[in-house]
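# Survey of secondary and tertiary structure
One-letter residues, chain by chain:
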Amino acid sequence: MSIVTITSDWNKFDYYLGALKGRILSNVPDVKIIDISHNIKPFNVFETAFILKNTFINFPENTIHLICVNSDFSEENPYIVINAFKHYFVGVDNGIFSLMFGEHIEEAVKIN
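### With respect to the sheet that holds strand β1 (residues 3-8)
- Taken together, the six strands give an open sheet; going across it, the order is β2-β1-β3-β5-β4-β6, and neighbouring strands pair in mixed fashion. A strand with exactly one partner marks an edge of an open sheet, and here the two such strands are β2 (32-37) and β6 (107-110). Each adjacent strand pair in this sheet contributes to an overall mean axis angle of 20 degrees, direction not counted.
- Bridge count between strand β4 (residues 79-84) and strand β5 (residues 87-92): six bridges; the pairing is antiparallel. Considered in β5, the bridge of Ile80 is made with Gly91.

### Focus on the pairing of β5
- For strand β3 (residues 64-68) and β5, the ladder comprises three bridges, and the chain directions are parallel. Along β5, the bridge assignment pairs Leu66 with Val90.
- The antiparallel hairpin formed by β4 and β5 contains two residues in its connecting segment, where Phe85 sits at a positive phi of about 55 degrees.

### Side note on the side chain of Thr5
- Within the element layout of this structure, Thr5 appears in strand β1.
- Reaching out from Thr5, the side chain makes a polar contact with the side chain of His65 at a distance of 2.8 Å.
- When neighbours within four sequence positions are excluded, Thr5 is seen to be in contact with Ile34, Ile36, Phe59, Thr63, Ile64, His65 and Leu66.

### A short note on the confidence of the model for the chain
- For the chain, per-residue confidence averages 91 on the pLDDT scale, and residues scoring 70 or more make up 98% of the total.
- At the level of individual helices and strands, the chain shows its lowest average pLDDT in β6, which scores 86, and its highest in β1, which scores 97.

### Observations concerning the layout of surface pockets
- Looking at the largest pocket, its volume works out to about 210 Å³.
- If you list the elements that add at least two residues to the lining of the largest pocket, you get α1 (15-27), β3 and β5.
- At three residues, the largest contribution of residues to the lining of the largest pocket is made by β3.
- By residue class, the composition of the lining of the largest pocket is eight nonpolar, two polar and no charged.
- When its volume is computed, the second largest pocket comes out at roughly 150 Å³.
- Lining the second largest pocket, in full, are Ser2, Val4, Arg23, Ile24, Asn27, Val28, Val31, Ile64 and Leu66.
- Listing elements by their share of the lining of the second largest pocket, those giving two or more residues are α1 and β3.

What counts and what doesn't
- Residues numbered from 1 in each chain as written.
- Predicted model: local features only at pLDDT ≥ 70, side-chain atom pairs only at ≥ 80, totals over all residues.
- Heavy atoms only, no water.
- Pairing = 2+ DSSP bridges.
- Helix = DSSP H or I, 4+ residues; strand = E, 2+ residues; numbered from the N terminus.
- Axes fitted to C-alpha atoms, helices over the stretch in contact; angles between N-to-C directions.
- Polar contact = N/O pair within 3.5 Å; in protein donor to acceptor, adjacent residues only side chain to side chain.
- Contact = heavy atoms within 4.5 Å.
- pLDDT = per-residue confidence, 0-100.
- 1 Å grid on protein atoms, 1.4 Å probe; cavity = no way out; pocket = protein on both sides within 12 Å on 5 of 7 lines; lining within 4 Å.
- Points joined across faces, edges and corners; volume = space filled by probe spheres on them.
- Nonpolar A, V, L, I, M, F, W, Y, C, P; charged D, E, K, R; others polar.

Structure representation (structure tokens):
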């Protein structure tokens, strides 16, 4: 069974969270979705990095971690997938991955 975690600065009552979970389940019905936190201060990548850095290591290898904090796409900050410590992280390239991993990123792929 695949595991996907979601960390966001969305309010837990916002429709974005339900829409995202619905889309994930529509594509992968047997996935297990875990909410890490939705109480992060808006746009706070430092708080997000701290929470994720201290949380992801407790999940099985190959867990996919969706980072939905300060996640507006731009040409300067594209979406990327990071492979680090046998986990996958999906989010905007806004500096959060450097805060979390420094030089310990095994692979990074830009999403078009």
